[in-house]
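Tertiary structure, described
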Amino acid sequence: MTVVTVGVHIVDILTRPVEHIPPGQDTVLVEQIRLTAAGAAAGTAVDLAKLGNQVISLGAIGDDELGDFLLMVMGRHGVDVSHIRRRPGEQTAASILPIRPDGGRPSFHVPGANLSVTPADVDPGILRTAQAVHLGGVDVTFGLGDPAFFALLDTLRAAGTIITMDLLSEMPDLLGMAKAFLPHVDYVLPNESQALLMTGATTLEEAAEALLAEGPKAVLITMGSEGSQIFTGGPPAGDVVPALKTEVSDTTGCGDAYCAGFVTGLLHGQDVLTAARWGTAAAARVATGLGSDAGITDLPSTLGLLDDGRN
């Protein structure tokens with residue numbers, strides 16, 4: 001099954017555990033430092049590939065060493081990166097994440113070439129090969145908000161392609177612009193802060209109702225350790241899928257993994273609620289290691305979490 005991810009590509013530089021930033025030029029010894037492919041398109045693409053999908057990723061990166069690394073590591077995991085555009089003179093997006101002992105993750109981020117993504121970077125012929133298209137971080141790749149691109153998404157949906165959409169920022173202005181994509185997607189997967197900021201609602205129920213009114217079939221709101229809440233516009237109003245009990249090392253990339261598991265479930269013919277449970281299992285796997293590509297090895301071991309008494 002072919003999935004195309006479109007949008008944000010980031011290199012994450014992570015270290016743990018970090019309890020404080022040392023003053024001056026002091027040095028603190030840590031247990032681990034990693035570089036990973038991350039972002040709502042790249043990180044999700046890697047997880048999708050690990051879960052057994054054929055994956056093509058589209059977006060823009062810089063013509064720099066970080067871009068070289070990103071292409072290498074995504075390709076090593078089986079993602080087709082041959083259509084990612086490289087921007088001479090621009091930086092590949094990157095984040096530095098000092099991971100706290102409890103798994104929390106403040107970040108230092110440069111958006112880089114992600115801000116320059118436009119429909120010209122997205123080959124319609126490639127999208128037409130996909131059973132699913134995942135839009136990762138359209139609030140950041142806002143250049144995709146073009147009527148011609150929306151028309152393409154509508155054509156894909158009419159032909160049976162599943163369109164999912166995730167978000168990256170928690171900036172109200174950017175999230176507001178992302179609302180333009182809602183009539184053209186099947187499933188939107190914000191976290192709880194994004195859902196509230198995007199709609200101006202005061203409760204998740206109100207936020208989901210506002211998002212559904214724009215056109216998606218379902219809204220899946222992730223809530224960290226509280227799991228996720230699934231809204232389809234019918235009763236019951238907001239099924240809760242609890243998070244799985246796991247030893248949390250780092251929460252980086254859990255949302256991307258949730259999206260990957262959810263899309264994989266849909267492509268295997270699962271209903272929305274069951275697919276959300278697949279997403280929950282993928283997120284739990286990623287939380288056990290450092291970085292957005294940690295934990296997941298394959299689909300059977302990921303789904304095994306649903307049967308071993310952790311939920």
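Right, let's walk through the structure included here.

The rules we used
Residues numbered from 1 in each chain as written. Predicted model: local features only at pLDDT ≥ 70, side-chain atom pairs only at ≥ 80, totals over all residues. Heavy atoms only, no water. Helix = DSSP H or I, 4+ residues; strand = E, 2+ residues; numbered from the N terminus. Buried < 20%, exposed > 50% of the residue type's maximum accessible area, 1.4 Å probe, protein only. Contact = heavy atoms within 4.5 Å. Areas by Shrake-Rupley, 256 points an atom, 1.4 Å probe, with all protein chains shown as cover. Lys, Arg positive; Asp, Glu negative; His and termini not counted. Charge placed at Lys NZ, Arg CZ, Asp CG, Glu CD. Phe/Tyr/Trp six-rings, centres within 6.5 Å; stacked < 30°, edge-to-face > 60°. Arc of directions from axis to C-beta. Pairing = 2+ DSSP bridges. Axes fitted to C-alpha atoms, helices over the stretch in contact; angles between N-to-C directions. Patch = residues over 30% accessible without salt bridge, like charges linked within 9 Å, V, L, I, M, F, W, Y side chains within 5 Å. Salt bridge = Lys/Arg side-chain N within 4 Å of Asp/Glu carboxyl O. Core = buried A, V, L, I, M, F, W, Y, C linked by side-chain atoms within 4.5 Å.

**What to know about the overall build of the chain**
The number of helices and strands found in the chain is 10 helices and 15 strands. Overall, the chain is about 55 × 50 × 40 Å in size when its C-alpha atoms are taken along their principal axes. Classification of the 311 residues of the chain by burial places 54% in the buried group. In the chain, the proportion of contacts linking residues at least 24 apart, taken out of those at least 6 apart, comes to 69%. Just so you have it, the chain exposes about 12,700 Å², and 54% of that area is on carbon and sulfur atoms. Computing the positive centroid from 17 side-chain charges and the negative centroid from 36, the chain places the two 5 Å apart.

**Here we look at the packing of aromatic side chains**
This structure, assessed with the given rule, holds two aromatic pairs. Ring centres 5.0 Å apart and planes at 90° place the aromatic pair Phe150 and Phe181 in the edge-to-face group. Of the two residues, Phe150 sits in helix α4 (residues 147-158) while Phe181 sits in the loop between α5 (172-178) and β12 (187-189), which places them 31 residues apart along the sequence. Residue classification places Phe150 among the buried positions, given a relative accessible area of 11%. Residue classification places Phe181 among the buried positions, given a relative accessible area of 2%. Ring geometry for Tyr187 and Phe262: centres 5.3 Å apart, planes at 80°, overall edge-to-face. A residue pair is termed long-range when its members are at least 10 positions apart, and Tyr187 in strand β12 and Phe262 in helix α8 (residues 254-267) qualify at 75 residues. Across the pair, exposure class does not vary: Tyr187 and Phe262 are buried alike.

**Details of helix α6 (residues 192-199)**
Among the residues of α6, Gln194, Ala195 and Met198 are the ones counted as buried. Buried residues in α6, looked at end-on, bunch into an arc of 100°, giving them a common side. Tucked into the core, α6 has its buried residues touching β11 (162-166), α5, α7 (204-212) and β13 (218-222).

**Brief notes about the sheet that holds strand β8 (residues 94-98)**
Spatially, four strands are ordered β3-β2-β8-β9 in an open sheet, and the strand pairing comes out mixed. On the outer flanks of this sheet lie β3 (32-38) and β9 (108-110), each paired with one strand and no other. For this sheet the average axis-to-axis angle between neighbouring strands, irrespective of direction, equals 15°. Bridge count between β8 and β9: three bridges; the pairing is antiparallel. Counterpart to Ser95 in the pairing with β9 is His109. Where helix α2 (residues 65-76) meets the sheet, it contacts β2 (10-16), β3 and β8, and its direction lies at approximately 80° from that of β3.

**What to know about a nonpolar patch on the surface**
Taken together, the side chains of Val28, Val30, Ile33 and Leu35 define a hydrophobic patch exposed on the protein surface, amounting to about 320 Å² of accessible area. Secondary-structure assignment places Val30 in the loop between β2 and β3.

**Looking at the nonpolar core**
Residues Met74, Val79, Tyr187, Leu220 and Phe262 are the most contacted members of the largest nonpolar core, which totals 46 residues. Elements with a contribution of two residues or more to this core: α1 (42-50), α2, β12, β13, α8, α9 (272-287) and α10 (299-303). No other element matches α8, which puts nine residues into this core. Discounting residues that sit within four places of it in the chain, Val79 has contacts with Ala45, Val46, Ala49, Val55, Ser57 and Met74. By size, the runner-up hydrophobic cluster in this structure holds 41 residues, among which are Leu135, Val138, Phe149 and Ala207.

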